[in-house]
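Structural description and commentary
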Amino acid sequence: MSRYRRRLRWNRIFAAVLVAVFAGTAVFLIHDSLNTLFPSATEEPSALKSTASSLPAEETVPESSEAAAPEASSAESPAEEASVPEPALPDGFRWLSIPESALCTSDLILVNNSVPFQGENPETAVVLENKTSSYKVKDSTVVLQTKAIEALNRMLDDFYARSGLEDVMVISGWRDPEKQETLYGEDLLETGKTDSTLVAKPGYSEHHTGLALDFGLLPKSDGFGRSYDGEGEYAWINENCGDYGFILRYPADKMEITGIEYEPWHFRYVGVPHSRLIMEKGLCLEEYVELLRDYPLDGEHLSGGGYTICWQQPEKTADGYRIAVPEEGDYTISGDNTGGIILTMKE
Ligand SMILES: [Zn+2]
């Protein structure tokens, strides 16, 4: 055999091998596309896996029986794979549909330098027109949500009854972002810094909620304004505000967390029982909102002052969200402004 013929023969053998490899690849590809086109007919391996894991230990799937496996799994597997299991609704609870805005609305929303106020501008009332005679207000531009004014009236009526002092003055309530912008700019000018530890960034102030207020004191007859320091007789307010739904929002020992210096004059309405729990536990709102995540609907609930409290991650639905609420009894819900809903139930 000449060298030429040998080479020809080897070329033919090589070509034959190539054809065989090509044909094999084609068969493999066709099989693969069939798998894609007819998954139910050809997906024994994965069906086997899921069936095997859901079967009791003694019921094993025959190892080599490719025909038996789809029959064994076809009744259960597609349904199991198609639907996400329905979250469990505890006894005595029902679903409640809520709009997305509920996540950033109500008494417990957290607003700070990293969590902006995201809600609609709140409905407010003029404090001057709704207050009792036990305290003062700067002027008719000071507005707050009605529930905060009512709580303020109760707290300062009790303070006046104890102390005879009626010179606490509300100097600031709800602020729109433009007003906050002005205050923030003024503080930067004054301090020469690039950010402020006393004034929140515009859009990030809890004064936007209509639930926060600042106290001053009525100026003395010489006309000089006095700042409210929560000391002396006034310490009673700072110590007992929790009984009226308020918290001291920026305590001295929480600056690392709140990012705001001690402000003995800044109060935030969060409602009872949360205000009592926050003040009793010595927390700031950041810590409290975080703590509530440890009390999910299906776990142990936080108890205090005749209420039980739990945290829920709302479930997305076609037209909003839904949460579980008790079928009977009084309850309130509040967004925490960080993706959760806090459910407060009367015991
Ligand atoms: Zn303030």
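It should be noted that the structure appears before, not after, this text.
Thresholds, definitions, all that
- Each chain carries its own residue numbering, running from 1 in the written order of its sequence.
- Per-residue local features of the predicted model are confined to residues with pLDDT of at least 70, and side-chain atom pairs are confined, for both listing and counting, to 80 or more; whole-chain, interface and lining totals are unaffected and use all residues.
- Nonpolar core, as used here: buried Ala, Val, Leu, Ile, Met, Phe, Trp, Tyr and Cys residues forming one set through C-beta atoms within 7 Å.
- With C-beta atoms placed from the backbone, a residue is labelled by how many other C-beta atoms lie within 10 Å of its own: buried for 20 or more, exposed for 12 or fewer, partly exposed between the two.
- Helical segments are the DSSP runs of H or I of at least four residues, strand segments are the runs of E of at least two, and each set is numbered from the N terminus.
- Two residues qualify as being in contact provided that their C-beta atoms, derived from the backbone, are within 7 Å of each other.
- Strand pairing requires that DSSP identify at least two bridges connecting the strands.
- For helices, the axis comes from a line fit to the C-alpha atoms of the stretch in contact; other axes are also lines fit to C-alpha atoms, and the angle between any two N-to-C directions lies between 0 and 180 degrees.
- The span you would expect from a helix comes to 1.5 Å times its residue count less one.
- Throughout, the arc means that of the directions going from the helix axis to the C-beta atoms.

1. Let's talk about the nonpolar core
Across soluble globular proteins, you tend to see nonpolar side chains buried next to one another. Of all hydrophobic cores here, the largest spans 57 residues; its most connected members are Ala148, Met155, Cys241, Phe246, Ile247, Leu285 and Ile342. Take this core: its biggest share by element is seven residues, from helix α7 (residues 146-163). Not counting chain neighbours up to four residues away, the residues in contact with Ala148 comprise Gly210, Leu211, Leu213 and Tyr269. In terms of nonpolar packing, the next biggest core, distinct from the first, is built from five residues, Tyr184, Val199, Ala200 and Ile260 among them.

2. Examining the pairing of strand β5 (residues 168-172)
One ladder, built from two bridges, connects strand β3 (residues 136-137) with β5; its direction is parallel. Each bridged residue has a counterpart across the sheet, and for Val137 the counterpart in β5 is Val170. Sheet analysis places β5 next to strand β6 (residues 212-217), joined by four bridges and oriented antiparallel. Across the sheet, Val168 pairs through a bridge with Leu217, a residue of β6.

3. Considerations on the sheet that holds strand β1 (residues 93-98)
If you walk across this open sheet you meet the three strands as β1-β13-β12, and the pairing is antiparallel. Both edges of this open sheet fall to β1 and β12 (315-317), since each of them pairs with a single strand only. Between one strand axis and the next, the sheet turns by 40 degrees as a mean value, whatever way the strands run. In terms of strand pairing, β12 meets strand β13 (residues 320-326) through three bridges, oriented antiparallel. Directly across from Thr317, in β13, lies its bridge partner Gly320.

4. Thoughts on the pairing of strand β15 (residues 341-346)
Strand direction decides the pairing type here: strand β11 (residues 307-312) and β15, joined by six bridges, are antiparallel. When the bridges of β15 are listed, Tyr307 appears paired with Lys346. In the sheet, strand β14 (residues 331-335) pairs with β15 via five bridges, with the strands oriented antiparallel. Bridged to Ser334 within β15 is Ile342. Counted between consecutive antiparallel strands, the loop separating β14 from β15 contains five residues, among which Asn337 sits at a positive phi close to 70 degrees.

5. As for unusual backbone geometry
At the junction of Val272 and Pro273, the peptide bond is cis and its omega measures out at 10 degrees in the coordinates. Of note, Pro273 is situated in the loop between β9 (266-269) and α11 (274-281). Here Ser106, not a glycine, exhibits a phi torsion of approximately 100 degrees, which is positive. Relative to the assigned elements, Ser106 resides in the loop between β1 and β2 (125-126). Taking the number of C-beta atoms within 10 Å as the measure of exposure, Ser106 has 21 and is therefore buried. Its identity is not glycine, yet Asn337 carries a phi of approximately 70 degrees, on the positive side. Within the secondary structure, Asn337 sits in the loop between β14 and β15.

6. Section: helix α8 (residues 177-191)
A rise of 1.5 Å per residue sets the reference length of α8, with its 15 residues, at 21 Å; its end C-alpha atoms lie 21 Å apart and thus fit the reference within 8%. Once α8 ends, the next one or two residues include Gly192, with phi positive near 75 degrees.

7. Some remarks on the sheet that holds β14
With antiparallel pairing, the four strands of this open sheet are ordered in space as β10-β11-β15-β14. The sheet is open, and its two edges are formed by β10 (302-304) and β14, each paired on a single side. Strand after strand, the sheet turns through a mean of 20 degrees between neighbouring axes, direction not considered.

8. Digging into α7
A rise of 1.5 Å per residue sets the reference length of α7, with its 18 residues, at 26 Å; its end C-alpha atoms lie 25 Å apart and thus fit the reference within 8%. Of the positions making up α7, those classed as buried are Ala148, Ile149, Ala151, Leu152, Met155, Leu156 and Phe159. Buried residues in α7, looked at end-on, bunch into an arc of 160 degrees, giving them a common side. Directly after α7, the chain includes Gly164, whose backbone phi takes a positive value near 75 degrees.

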